[in-house]
Amino acid sequence: MYAFTYHRPKSVADAVALQGRFEDPKLLGGGQTLLPTLKQRLARPSDLIDLGQIPELQGIREEAGGLTVGAFTRHAQVAHSDVVQRVIPALASLAEGIGDRQVRNMGTLGGSICNADPSADYPAAVVALKATVRTDRREIAGDDFFTGMFETALEPGEIVTAVHFQTPDKAAYAKFRNPASRYAIVGVFVAVFGSEVRVAVTGAGPSVFRADDMEATLAQDFRADALNGASVSADGLNADIHASADYRAHLVRVMARRAVEACG
Amino acid sequence: MPCTVSMTVNGKAVSREVEERTLLVTFLRDQLGLTGTHVGCDTSQCGACVVHIDGRSVKSCTMLAAQADGAAVTTIEGLAAADGTLHPMQAAFREHHGLQCGFCTPGMVMSAVDLVTANPSPSEHEVREGLEGNICRCTGYHNIVKAVMAGAEAMQGGTLKAAAE
Ligand SMILES: Cc1cc2nc3c(=O)[nH]c(=O)nc-3n(C[C@H](O)[C@H](O)[C@H](O)COP(=O)(O)OP(=O)(O)OC[C@H]3O[C@@H](n4cnc5c(N)ncnc54)[C@H](O)[C@@H]3O)c2cc1C
Ligand code: FES
Ligand code: FES
């Protein structure tokens, strides 16, 4: 790791002010992605601004037809929250499936979505649950937040403060996980809001995307078998040592079926 | 630039000057001499470095010492009683042959104690899931799982079940 100066602001305003003072500052969430990156010397920030002691970034509350989760809420806190388990159980179970116990004890919602790993789990929930990402300066619709592989709509220095998820009538997340890292080879989040069905796919492409054909099919006929005829194109999907693009395309349909079944 | 970090480690208050980029595991091993916490992979995968921060298990190779400022840290050295009596989970690992070379053991035991504290009577499946962040190259895990199940019972106040063999 290259040397840096470490800061621990107590408010979002202080974090914003600190960022303005340094040449190449970087925000530190739970560190479960950033610290491994720094250890490999893949980045060389001048300053690390730890968001861990800012009360405004923490906590989970019911608000305006959904749940607001602070950016510095750890995966384990979402997984074990009584409110999340009651209001959007699929979100609690998604969080419980991230990485391992120790990663969940440190990693945060804000860090996960800002990192925008193509195989991360939370992006599927942000898109399927019609979320709104709140920052220090504006609100961004979940549909517009993820713009590419490891890319988001955030401006340099913009701090995510919370995410508001809308409560669906029913929802479920199914993932085919990499057995070593537990990241999603393919993960599909299905959410039903009245007559609208949203199907968000992570892991398969460079960034989370909605499967429009499946959404239309399920809006007509919400059964796993309705997806039997659905075909998913492998064009543009990720291919690596873990799975070819064709296999990922196949998994999208299988995970979508499992998610629909789990919706009950 | 050096900074001062202060925390409680195994019940004792410590305060030291460290470089800001110092990892918690480096601080524990090199500065405090607590070499029971191991470094296996250094890439957040193996769990040999697991310690407790305010009761929660974390990988100390993926945390800065500065992030632990003000926290209560427990390492494997802090589990046994002052007179050397092993913690029930440590005793269970010994009784059930939950180790061979022993390299992964400190992390396994620390993860197991966190897991059982949160879920006092876990099923075998829950134990296996709870240890996903810990890799062992020797045992094939079966005896580790048996040890954790027996350790869980003993932590609830039961007597430690003897190994089957
Ligand atoms: C072994 C292992 C297994 C894992 N498995 C999974 C898995 O199965 N599924 C999964 O989804 N993830 C997985 N992860 C990743 C994990 O969820 C990370 O916690 C997450 O990607 C990053 O969150 P963090 O809080 O640790 O952020 P950090 O690593 O601290 O930060 C990540 C990035 O986000 C930025 N950032 C952090 N917070 C904010 C904020 N509030 N506003 C703006 N920018 C911010 C940082 O500057 C940095 O660029 C795994 C990680 C490990 C080490
Ligand atoms: S040394 Fe920390 S996880 Fe392997
Ligand atoms: S006992 Fe050797 S690595 Fe687990």
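Residues numbered from 1 in each chain as written. Chains lettered and ligands numbered in written order. Predicted model: local features only at pLDDT ≥ 70, side-chain atom pairs only at ≥ 80, totals over all residues. Heavy atoms only, no water.

By the naming in an unreviewed UniProt entry, chain B goes by Carbon-monoxide dehydrogenase small subunit and is assigned to Azospirillum brasilense.

The name an unreviewed UniProt entry assigns to chain A is Carbon-monoxide dehydrogenase medium subunit, from the organism Azospirillum brasilense.

**Re unusual backbone geometry**
Not every positive phi belongs to a glycine, and Ala116(A) is a case in point at roughly 50°. Tracing the backbone shows Ala116(A) in the loop between α7 (109-115) and α8 (122-128). Non-glycine residue Ser44(B) carries a positive phi angle of around 70°. Structurally, Ser44(B) is set in the loop between α1 (24-31) and β3 (50-53). (Helix = DSSP H or I, 4+ residues; strand = E, 2+ residues; numbered from the N terminus.)

**Remarks on the confidence of the model for chain B**
Within chain B, residue pLDDT values average 96, and 99% of them lie at 70 or more. Predicted as a complex, the structure gets a pTM of 0.96 and an ipTM equal to 0.96. (pLDDT = per-residue confidence, 0-100.)

**Let's talk about the interface of chain B and chain A**
At the junction of the two partners, chain B supplies 27 residues and chain A supplies 28 residues. With both sides pooled, the region where chain B packs onto chain A buries about 2,300 Å², and carbon together with sulfur makes up 48% of that total. Counting the surface chain B buries against chain A, the share from its top three residues, Arg21(B), Gln67(B) and Glu132(B), is 27%. On inspection of chain B and its partner chain A, the count reaches 5 salt bridges. In this structure, Asp100(A) and Lys59(B) form a salt bridge, with 2.7 Å as the shortest nitrogen-oxygen distance. Our enumeration of links across chain B and chain A arrives at 15 residue pairs in polar contact (both at pLDDT 80 or more). (Contact = heavy atoms within 4.5 Å. Buried area = accessible area lost by both parts, 1.4 Å probe. Salt bridge = Lys/Arg side-chain N within 4 Å of Asp/Glu carboxyl O. Polar contact = N/O pair within 3.5 Å; in protein donor to acceptor, adjacent residues only side chain to side chain.)

**Some thoughts on the nonpolar core**
Counting 41 residues, the largest nonpolar core has Leu91(A), Ile113(A), Tyr122(A), Leu129(A), Phe165(A) and Phe189(A) as the members making the most contacts within it. Sort the elements by how many residues they give to this core and α8(A) lands first, with 6 residues. Not counting chain neighbours up to four residues away, the residues in contact with Leu129(A) comprise Ile88(A), Leu91(A), Phe165(A), Gln166(A), Pro168(A), Ala171(A), Phe189(A), Ala191(A) and Phe193(A). Of all hydrophobic cores here, the second largest spans 34 residues; its members include Leu34(B), Cys49(B), Met63(B) and Ala66(B). (Core = buried A, V, L, I, M, F, W, Y, C linked by side-chain atoms within 4.5 Å. Buried < 20%, exposed > 50% of the residue type's maximum accessible area, 1.4 Å probe, protein only.)

**Thoughts on the pairing of strand β10 (residues 160-166) of chain A**
Residue and element names in this part refer to chain A. For β10, a buried count of 6 out of 7 residues is recorded, marking the element as mostly surrounded by other parts of the structure. Two elements, strand β5 (residues 66-70) and β10, share 5 bridges in a ladder whose sense is antiparallel. Bridge pairing in β10 links Gly70 to Ala162. Pairing geometry for strand β6 (residues 132-135) and β10, over 4 bridges, is antiparallel. Counted as the bridge partner of Val133 is Val163 from β10. (Pairing = 2+ DSSP bridges.)

**Digging into the pattern of salt bridges**
Applying the stated rule across the entire model yields 28 salt bridges over all chains. Two residues, Arg182(A) and Asp100(A), come together in a salt bridge whose shortest N-O distance is 3.0 Å. Here Asp100(A) lies in the loop between α5 (89-96) and α6 (101-106) and Arg182(A) lies in the loop between β11 (170-177) and β12 (184-193), a separation of 82 residues in the sequence. Taken individually, Arg182(A) and Asp100(A) each receive the classification buried, so the pair is uniform in this respect. Between Asp114(B) and Arg101(A) there is a salt bridge, with its nearest N and O atoms 3.0 Å apart. Taken together, the residues Asp114(B) in helix α3 (residues 105-118) and Arg101(A) in helix α6 connect one chain to another. By relative accessible area, which is 7% here, Asp114(B) ends up buried. Residue Arg101(A) is classed as buried on the basis of its relative accessible area, which comes to 14%. It is possible to trace a salt-bridge network through shared partners that takes in Lys130(A), Asp143(A), Glu196(A), Arg198(A), Arg210(A) and Glu215(A).

**What about the site of ligand 1?**
Ligand 1 sits among 32 residues. The nearest are Leu27(A), Gly29(A), Leu34(A), Thr108(A) and Arg182(A). What surrounds ligand 1 is not a single chain but chains A and B. Between His75(A) and ligand 1, the recorded distance is 2.9 Å, taken from a side-chain N or O atom to an oxygen atom. If ligand 1 stood free it would expose 980 Å²; the protein chains cover 94% of that surface. Secondary structure elements with two or more residues in the shell around ligand 1: β2 (25-28) and α7 of chain A. The leading source of residues in the shell around ligand 1 is α7(A), at 5 residues. Here the residues of the shell around ligand 1 sort into 12 nonpolar, 15 polar and 5 charged. (Near = heavy atom within 4 Å. Areas by Shrake-Rupley, 256 points an atom, 1.4 Å probe, with all protein chains shown as cover. Nonpolar A, V, L, I, M, F, W, Y, C, P; charged D, E, K, R; others polar.)

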